[in-house]
Amino acid sequence: MAGAIEAQEYRGARRRLVSLLQDQGVRDLSVLHAIDEVPRHMFVPTAVRHRAYEDSALPIGSGQTISQPSIHARYLEVLGLTGKEKVLEIGTGSGYQTALLAKLAAQVFSIERIAPLLERARDILRQVGASNVSFMLGDGTLGWSEFAPFDAILVGAAAPEIPPAYIDQLADGGRLLIPLGGRDEQTLHLFTRKGEILEQKDIAPVRFVPLVGKHSWES
Ligand code: SAH
């Protein structure tokens, strides 16, 4: 019973978050619908659960953070997924964005380098019934060649430059979203592959945790 009341309370808070995102200008109905359906509170540690539906970044353990919901919304809106795509996500983290992607795309491949985060995310995604997600523990700067090419690649951590594997593993017409810049501040870029050309669009100034790996910063 307590669980049911709690779920109801979170549902109300989630509705308010969706309205806030709409007020901020998020228009993509499939993105708003996914945010309305995914229980963000399950993906954050118990100590910060009461803040799960604020528009804030929150700590998720191992020195990592889950981005604020408006960033996720923006991120997903610029990708314009139709439900048919094969998507590569770098940096599973809490698994919250993975759960959103599972609703917005056909297949999701997600890589995380920190084992406890990956195990937790995998467990919660199972609980919420996402069955179209494959996980890998490892260095996401190498991509996941076995399942390439991808229609979209989302990098949830910041790099000094594009790791070459992402260009190799991006389908023609595919989109790569990646924060590029210094360790403390970056710009979120959207690259669209047109044959051998990469079209570039700057989306917003952002602050992400560093991408740590062979083709990015060292730990
Ligand atoms: N979008 C996530 C938050 C990601 S935080 C969410 O919804 O919770 C960024 C994540 O990228 C962290 O978990 C970090 O461990 C991971 N990461 C950093 N470098 C990585 C790499 N080379 N390969 C895979 N994951 C990496």
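Higher on the page you've got the structure.
The rules we used
Residues numbered from 1 in each chain as written. Predicted model: local features only at pLDDT ≥ 70, side-chain atom pairs only at ≥ 80, totals over all residues. Heavy atoms only, no water. 1 Å grid on protein atoms, 1.4 Å probe; cavity = no way out; pocket = protein on both sides within 12 Å on 5 of 7 lines; lining within 4 Å. Points joined across faces, edges and corners; volume = space filled by probe spheres on them. Helix = DSSP H or I, 4+ residues; strand = E, 2+ residues; numbered from the N terminus. Nonpolar A, V, L, I, M, F, W, Y, C, P; charged D, E, K, R; others polar. Near = heavy atom within 4 Å. Polar contact = N/O pair within 3.5 Å; in protein donor to acceptor, adjacent residues only side chain to side chain. Sits in = over half its atoms within 2 Å of the grid points. Contact = heavy atoms within 4.5 Å. Buried < 20%, exposed > 50% of the residue type's maximum accessible area, 1.4 Å probe, protein only. Lys, Arg positive; Asp, Glu negative; His and termini not counted. Salt bridge = Lys/Arg side-chain N within 4 Å of Asp/Glu carboxyl O. Core = buried A, V, L, I, M, F, W, Y, C linked by side-chain atoms within 4.5 Å.

Re the layout of surface pockets
Consideration 1: Here the largest pocket is characterised by a volume of approximately 620 Å³.
Consideration 2: If you trace the largest pocket, you find 36 residues lining it, with Thr65, Gly156, Ala157, Phe208 and Val209 closest to the centre.
Consideration 3: The calculated volume of the second largest pocket comes to roughly 150 Å³.
Consideration 4: Taken together, 13 residues line the second largest pocket, and the ones lying closest to its centre are Gln24, Ser70, Ile71, Ala73 and Arg74.
Consideration 5: Within the residue set of the lining of the second largest pocket, elements represented by two or more residues are helix H3 (69-79) and strand E9 (197-206).
Consideration 6: Here the lining of the second largest pocket is composed, by residue class, of nine nonpolar, three polar and one charged.

What about the site of the ligand?
Consideration 1: Around the ligand, the structure places 25 residues, and the nearest of them are Ser94, Glu112, Asp139, Gly140 and Val212.
Consideration 2: Between Asp139 and the ligand, the recorded distance is 3.0 Å, taken from a side-chain N or O atom to a nitrogen atom.
Consideration 3: At 2.7 Å, a backbone N or O of Gly140 approaches a nitrogen atom of the ligand.
Consideration 4: In this structure the site holding the ligand corresponds to the largest pocket.
Consideration 5: For the shell around the ligand, the elements supplying multiple residues, two or more each, are strand E2 (64-66), helix H4 (96-104) and strand E4 (107-112).
Consideration 6: Take the shell around the ligand: its biggest share by element is three residues, from E2.
Consideration 7: In the shell around the ligand, the residues fall into ten nonpolar, twelve polar and three charged.

Topic: the side chain of Ser70
Consideration 1: Along the chain, the position of Ser70 falls in helix H3.
Consideration 2: Sequence-distant contacts of Ser70, defined by excluding residues within four places in its chain, comprise Leu21, Gln24 and Asp55.

Focus: the side chain of Glu85
Consideration 1: The residue Glu85 is located in the loop between H3 and strand E3 (86-90) in this model.
Consideration 2: For Glu85, which is buried and forms no salt bridge, the nearest opposite charge comes from Lys84, at a distance of 7.7 Å.
Consideration 3: A distance of 3.0 Å separates a polar side-chain atom of Glu85 from the backbone nitrogen of Gly83.
Consideration 4: Here Glu85 is in contact with Gly80, Leu104, Ala105, Ala106, Gln107 and Asp151, once residues within four sequence places are set aside.

Overview of the environment of Gly138
Consideration 1: Relative to the elements of secondary structure, Gly138 occurs in the loop between strand E5 (133-137) and strand E6 (150-155).
Consideration 2: Classification of Gly138 by relative accessible area gives partly exposed; the value is 23%.
Consideration 3: In this structure, the C-alpha to C-alpha distance between Gly138 and Ile90, residues 48 residues apart in sequence, is 10.0 Å.
Consideration 4: Not counting the four nearest positions on each side in its chain, Gly138 is found in contact with Ile111, Glu112 and Arg113.

Structural notes on the nonpolar core
Consideration 1: One finds Ile35 and Leu81 to be the most contacted residues of the largest nonpolar core, which totals 51 residues.
Consideration 2: Looking at this core, the element that brings in the most residues is H4, giving six residues.
Consideration 3: If we ignore the near neighbours within four places in the chain, the residues touching Ile35 are Arg14, Leu17, Val18, Leu21, Ala73, Tyr96 and Leu100.
Consideration 4: Core analysis: the next-biggest nonpolar cluster, separate from the first, contains 19 residues, Ile90, Ile111, Phe150 and Ile178 among them.

Quick look at the pattern of salt bridges
Consideration 1: All told, the structure shown has nine salt bridges when counted by the stated rule.
Consideration 2: Across the pair Asp36 and Arg11 runs a salt bridge whose closest N-O atoms are separated by 3.3 Å. With Asp36 in helix H2 (residues 29-37) and Arg11 in helix H1 (residues 2-23), this residue pair connects regions lying 25 residues apart in the sequence.
Consideration 3: For Asp36, a relative accessible area of 10% corresponds to the buried category.
Consideration 4: You can call Arg11 partly exposed: its relative accessible area is 26%.
Consideration 5: Between Arg207 and Glu185 there is a salt bridge, with the nearest N and O atoms lying 3.7 Å from each other. Of the two residues, Arg207 sits in the segment after E9 while Glu185 sits in the loop between strand E7 (170-181) and strand E8 (186-194), which places them 22 residues apart along the sequence. Residues Arg207 and Glu185 agree in their burial class; the two are exposed.

Any link to function would need more than the numbers given here.
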